[in-house]
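Summary of the model geometry
Chain by chain, the residues:
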Amino acid sequence: MKVLEFQDPACRRVAELLDAYASDELSVESAGEVERHLRRCSDCSAKLAAIERTRAAVRSAVESQAVPPGLSDRVRAASGGRKTSLPVRWLAAAAAAVILIAGFAVSKRITGAYPHQLAYQQVRIHRLARQVPALFGPPIADHVHCALYRAYPDEPPPAELTVQELGPDADLRPIIEHAAPEGFALRLAHRCRAAGREFLHFVLVRDGRLASVSMTLRQPGESLAGIDSEPLGEGVFFDRADELRLAGFQAGDYFVFVVSDVAREPVVELARNLRSHDEIANRSRRKA
Amino acid sequence: MIGRRRQQKRKRKDFEAVALPHLDELYRTACRMLGDASRAEDVVQEVYLRAWRSFHTFDGGNCRAWLFRILVNAVHDYRRRLYKRMPADDSEAVLERQSAPAPPPPEELTDQAVLEAVDALPEKFRDVLLLADVHGFSYKEIAAMTGVRLGTVMSRLSRGRRKLRESLAEVAGSYGIGPRARGGGVA
């Protein structure tokens, strides 16, 4: 909004110096000149106040943003460090798992996300999902929301907890652990919900990278046959979205998906190992 | 003579003691520079990787400036890779911002509104504004980090600040708060 301003040459000069003055970048002489002017000019003082107010607002807004929990551990792991083993983090994850069993709950403790971060998650999921056929969308949502943006423990879950969370499906855990390629360790085995579907969700970790194995019941009429992804043989299909690699296949009453930001080979290996296991290939829905 | 493993461990501890305290501010800045939380996390991981690898060259001086310089480079590299697959006019980034949640109710010109206005600034203004106004780096430091002349840093900061004030005044005005709504003068 252009208004007739700066009629006074002194104001014009000071206006050019105000930004540097606000950033404390002026020489002592120039700063003194500005200050002397400000003392007798309310217009320029108001301009300075506006600069400083906006500056403070930006700083406060940026600093108010929450940082996802576990970031420090993921960063240390990714840059060659070791994660700390604090029993407290395990309790947090166990508590989070209970909430997830009870139903879908978006809590800051699980996702570490404030509303605008959840929005970023959704934007990201949306952008990833549109690069792949529709059936791959929910496992992507599951991986992003429930693996990437949550705290997970530093150790495998105790067997009792897995039995508690998975019930009659707890037998899947050792199968998945065994099928995982070299170096992967299980960190989560639970039920969760994403994109309106229930999943049996296993999260494996290797060098700070995550791999999800997600199983979900096939709905009537759903099939991977003819899907527009790369067929790997034996009904296993492969696809990519940004840095994620995905593999999926039908197994009895279920779809099984592998989603990860590791390279193609481990994802394919894991999918094939799972596909060739009898207990998975013919999986029927267990009564709880 | 301490063993090599223990030496390595101690070096690692030194690195973490020096570098990890800045994680949150690096992450928050990366979020604003890239407009996306998971990209920000990718880049922050990259920053720490690069920092760890070059830790032997770190002279023990201003660690914050050192890390932020790595961040600026990593963000620029990331953007270059990203935009190679997308139209040059940054339209993907614009699309994302449009999908962000609706602005807050009128009484609150909240952090959310401010962040959206910051994110809407063109990158070269936004980067300088973040480094100067959020982190307090000097013009000289910013020039060194971004590889841009001092005079350019100053003009980008002035213009960035002005654009931001204008867009915040518009947001406020559209919600019936602030001087503009009363038909008043310049903010």
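Relevant structure appears above.
Note that the structure is predicted; figures quoted are calculated from it, not measured.

**Re the overall build of chain B**
A tally of regular secondary structure across chain B gives nine helices and zero strands. Taken from N to C terminus, the helices and strands of chain B fall in the order α-α-α-α-α-α-α-α-α. Evaluated residue by residue, chain B yields a buried proportion of 48% over its 187 residues. Intrachain contacts of chain B at a sequence separation of at least 6 include 67% that bridge at least 24 residues. Working note: accessible area of chain B is about 9600 Å², and carbon and sulfur atoms make up 51% of it.

**Digging into unusual backbone geometry**
Residues and elements named next belong to chain A. Of note, Glu234 is a non-glycine position whose phi angle comes to about 55°, a positive value. Relative to the elements of secondary structure, Glu234 occurs in the loop between strand S4 (230–233) and strand S5 (236–241). The class of Glu234 is exposed, set by a relative accessible area of 58%. Positive phi outside glycine occurs at Asp242, with the angle close to 50°. As for its position among the elements, Asp242 is in the loop between S5 and strand S6 (244–251).

**Notes on the packing of aromatic side chains**
A full pass over the atoms with the stated rule returns ten aromatic pairs over all chains. Centre to centre, the rings of Phe136(A) and Phe257(A) are 5.5 Å apart; their planes meet at 65°, and the pair counts as edge-to-face. Linking Phe136(A) in the loop between helix H7 (115–129) and helix H8 (137–148) with Phe257(A) in strand S7 (residues 254–260), this pair joins segments that are 121 residues apart in sequence. According to the relative accessible area criterion, Phe136(A) is buried, its value standing at 0%. Aromatic pair Phe15(B) and Trp52(B): ring centres 5.2 Å apart, planes at 50°, arrangement tilted. With Phe15(B) in helix H1 (residues 4–19) and Trp52(B) in helix H3 (residues 37–53), the pair connects residues that are 37 residues apart, well separated along the chain. Classification of Trp52(B) as buried rests on a relative accessible area of 17%. Of note, Arg12(B) hangs over the ring of Trp52(B), and the distance from its end group to the ring centre comes to 4.6 Å.

**Describing the sheet that holds S4(A)**
Residue and element names in this part refer to chain A. Strand order in this open sheet of seven strands is S1-S2-S3-S7-S6-S5-S4, and the pairing throughout is antiparallel. A strand with exactly one partner marks an edge of an open sheet, and here the two such strands are strand S1 (185–194) and S4. With direction set aside, neighbouring strand axes in the sheet form an average angle of 25°. Judged from the seven bridges that link them, strand S2 (residues 197–206) and strand S3 (residues 209–217) form a sheet pairing that is antiparallel. Counted as the bridge partner of Phe202 is Val213 from S3. On the sheet, H8 packs against S1, S2, S3, S5, S6 and S7 and is oriented at approximately 55° with respect to S2. The strands touched by helix H10 (residues 172–179) within the sheet are S1, S2 and S3, with S2 carrying the most contacts at an inclination of about 40°.

**Notes on the layout of surface pockets**
Its boundaries defined by the atoms lining it, the second largest pocket holds a volume of some 860 Å³. Lining the second largest pocket are 32 residues, and of these Arg209(A), Glu243(A), Asp261(A), Asp42(B) and Tyr78(B) sit closest to its centre. Of all the secondary-structure elements, those providing two or more residues to the lining of the second largest pocket are helix H4 (71–78), H7, H8, S3 and S6 of chain A together with H3 and helix H4 (63–84) of chain B. Tallying contributions element by element places H3(B) first for the lining of the second largest pocket, with nine residues. Its residues assigned to classes, the lining of the second largest pocket comprises eleven nonpolar, four polar and 17 charged.

**Some points on the pairing of S4(A)**
In the sheet, S4(A) pairs with S5(A) via three bridges, with the strands oriented antiparallel. Counterpart to Glu230(A) in the pairing with S5(A) is Phe238(A).

**Considerations on the pairing of S2(A)**
Regular strands have side chains that alternate between both faces of the sheet. All names here are of chain A. Of all ten residues in S2, eight are buried, a share of seventy percent or more. Two strands pair when backbone bridges link them, and S1 and S2 are joined in this way by nine bridges, in the antiparallel orientation. Its bridge partner lying in S2, Ala189 is registered against Phe202. Between S1 and the antiparallel strand that follows it, S2, lie two residues; Ala195 among them carries a positive phi value of about 50°.

**Quick notes on the packing of helix H2 (residues 23–34) of chain B against H3(B)**
Residue and element names in this part refer to chain B. Where H2 contacts H3, the two axes come as close as 8 Å, and the packing angle between them is 130°. When the axis of H2 is compared with that of H3, the two are oblique. Crossing handedness for the pair H2 and H3: right-handed. Contacts from Leu23, Leu26, Tyr27, Ala30, Cys31 and Leu34 in H2 reach Ala37, Arg39, Ala40, Glu41, Val43, Val44, Val47 and Tyr48 in H3. Of the residues assigned to the contact of H2 with H3, the class counts are twelve nonpolar, no polar and two charged.

**Description of helix H8 (residues 139–146) of chain B**
For an α-helix, the turn length of 3.6 residues means that residues three or four places apart are oriented alike. Residue and element names in this part refer to chain B. Turning to H8, its buried residues number three or more, namely Tyr139, Ile142, Ala143, Met145 and Thr146. For H8, the buried positions fall inside an angular range of 165° around the axis, keeping them on one side. With its phi angle positive at about 75°, Gly147 sits one or two positions after the end of H8.

**What to know about the nonpolar core**
Counting 103 residues, the largest nonpolar core has Tyr48(B), Trp66(B) and Leu71(B) as the members making the most contacts within it. Broken down by element, this core gets its largest block of residues, twelve residues, from H4(B). Sequence-distant contacts of Leu71(B), that is, excluding residues within four places in its chain, are made with Leu26(B), Thr29(B), Ala30(B), Met33(B), Val43(B) and Val47(B). Residues Met215(A), Ala251(A), Val256(A) and Val268(A) belong to the second largest nonpolar core, which totals 32 residues.

**Things to note about the environment of Arg191(A)**
Residues and elements named next belong to chain A. Within the element layout of this structure, Arg191 appears in strand S1. With eleven residues separating them along the chain, Arg191 and Phe202 place their C-alpha atoms 8.7 Å apart. In this structure the side chain of Arg191 is engaged in a polar contact, spanning 3.4 Å, whose partner is the backbone oxygen of Glu165. Within polar-contact distance, the side chain of Arg191 engages the backbone oxygen of Leu166 at 2.7 Å.

The rules behind each value
Residues numbered from 1 in each chain as written. Chains lettered and ligands numbered in written order. Predicted model: local features only at pLDDT ≥ 70, side-chain atom pairs only at ≥ 80, totals over all residues. Heavy atoms only, no water. Helix = DSSP H or I, 4+ residues; strand = E, 2+ residues; numbered from the N terminus. Buried < 20%, exposed > 50% of the residue type's maximum accessible area, 1.4 Å probe, protein only. Contact = heavy atoms within 4.5 Å. Areas by Shrake-Rupley, 256 points an atom, 1.4 Å probe, with all protein chains shown as cover. Phe/Tyr/Trp six-rings, centres within 6.5 Å; stacked < 30°, edge-to-face > 60°. Lys NZ or Arg CZ within 6 Å of the ring centre and 35° of its normal. Pairing = 2+ DSSP bridges. Axes fitted to C-alpha atoms, helices over the stretch in contact; angles between N-to-C directions. 1 Å grid on protein atoms, 1.4 Å probe; cavity = no way out; pocket = protein on both sides within 12 Å on 5 of 7 lines; lining within 4 Å. Points joined across faces, edges and corners; volume = space filled by probe spheres on them. Nonpolar A, V, L, I, M, F, W, Y, C, P; charged D, E, K, R; others polar. Parallel < 35°, antiparallel > 145°, perpendicular 65-115°, else oblique. Left-handed = near helix turned anticlockwise from the far one by under 90°. Arc of directions from axis to C-beta. Core = buried A, V, L, I, M, F, W, Y, C linked by side-chain atoms within 4.5 Å. Polar contact = N/O pair within 3.5 Å; in protein donor to acceptor, adjacent residues only side chain to side chain.

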